[in-house]
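Chain by chain, the residues run as shown.
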Amino acid sequence: MHLPPEAPCPCGAVQQGRPARYGRCCARFIEGGEAAPSALELMRSRYTAYTLHAFDYLRQTWDPSTCPPDLGCDAGTPTHWLGLTVKQHVIDDDAHSRVEFIARYRSAGAGGGRAQRLHELSRFCRGDDGRWRYVDGDMLD
């Protein structure tokens, strides 16, 4: 999937009181190779990557010690992401952060197409290369 730069960014970020445009928001990280400056921005870009099926980016931004081989990308039951709400961003220290979020989605196979939600407290670490990576998360609710 591809989004034009002027499209609203799927992550739901707001810039100057308006929905952020993909080209100035998550595209910088997903397509431009720029390192996300915080765990919060990395989490938002990873959500956007899921909406765009940018699985290479997801793998690059996942800590290798916890990254699953399939990333849960089952083409047989496509997921349609409906929206993201960030509940909190906690900076533990220079190399560790947590982000609590709720992502709403609809899966063709699960729940008969009804909207569902994923509520997670995710952990991120900054590697020796200075890049943030997703480590793991705890499901809430």
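This text gives an overview of the structure that appears in the document. None of the values given here were measured: they were computed from a predicted structure.

## Re the overall build of the protein chain
Phase 1: When helices and strands are counted, the protein chain shows 3 helices and 6 strands.
Phase 2: Across the protein chain, helices and strands are ordered from the amino to the carboxyl terminus as β-β-α-α-α-β-β-β-β.
Phase 3: In terms of overall dimensions, the protein chain has a C-alpha envelope of 45 × 35 × 25 Å along the principal axes.
Phase 4: Evaluated residue by residue, the protein chain yields a buried proportion of 39% over its 141 residues.
Phase 5: Within the protein chain, counting contacts between residues at least 6 apart in sequence, those at least 24 apart form 40% of the total.
Phase 6: Just so you have it, the protein chain exposes about 8100 Å², and 50% of that area is on carbon and sulfur atoms.
Phase 7: Side chains of the protein chain carry 17 positive and 18 negative charges; the gap between the two charge centres is 8 Å.

## Topic: the packing of aromatic side chains
Phase 1: Scanning the entire structure with this criterion turns up 5 aromatic pairs.
Phase 2: Arranged with centres 5.3 Å apart and planes meeting at 50°, the rings of Trp-81 and Tyr-105 form a pair that is tilted. Here the residue Trp-81 occupies a position in strand 3 (residues 79–93), and Tyr-105 occupies one in strand 4 (residues 96–107), the gap between them amounting to 24 residues. For the residue pair Trp-81 and Tyr-105, the accessibility class agrees, reading buried in each case.
Phase 3: Their ring planes at 70° and their centres at 5.7 Å tell us that Phe-124 and Tyr-134 sit as a pair that is edge-to-face. One end of the pair, Phe-124, is in strand 5 (residues 115–126); the other, Tyr-134, is in strand 6 (residues 132–139), and 10 residues separate them in sequence.
Phase 4: Using a relative accessible area of 10% as the deciding quantity, one classes Tyr-134 as buried.
Phase 5: An aromatic cluster of three or more residues is present, and its members are Tyr-47, Tyr-50, Trp-81 and Tyr-105.

## Points about the pairing of strand 6
Residues in a regular strand project their side chains so that they alternate between the two faces of the sheet.
Phase 1: Taken together, the 7 bridges between strand 5 and strand 6 define a ladder with antiparallel strand orientation. The residue of strand 6 that forms the bridge with Leu-121 is Asp-138.

Quick notes on the rules
- Residues numbered from 1 in each chain as written.
- Predicted model: local features only at pLDDT ≥ 70, side-chain atom pairs only at ≥ 80, totals over all residues.
- Heavy atoms only, no water.
- Helix = DSSP H or I, 4+ residues; strand = E, 2+ residues; numbered from the N terminus.
- Buried < 20%, exposed > 50% of the residue type's maximum accessible area, 1.4 Å probe, protein only.
- Contact = heavy atoms within 4.5 Å.
- Areas by Shrake-Rupley, 256 points an atom, 1.4 Å probe, with all protein chains shown as cover.
- Lys, Arg positive; Asp, Glu negative; His and termini not counted.
- Charge placed at Lys NZ, Arg CZ, Asp CG, Glu CD.
- Phe/Tyr/Trp six-rings, centres within 6.5 Å; stacked < 30°, edge-to-face > 60°.
- Pairing = 2+ DSSP bridges.

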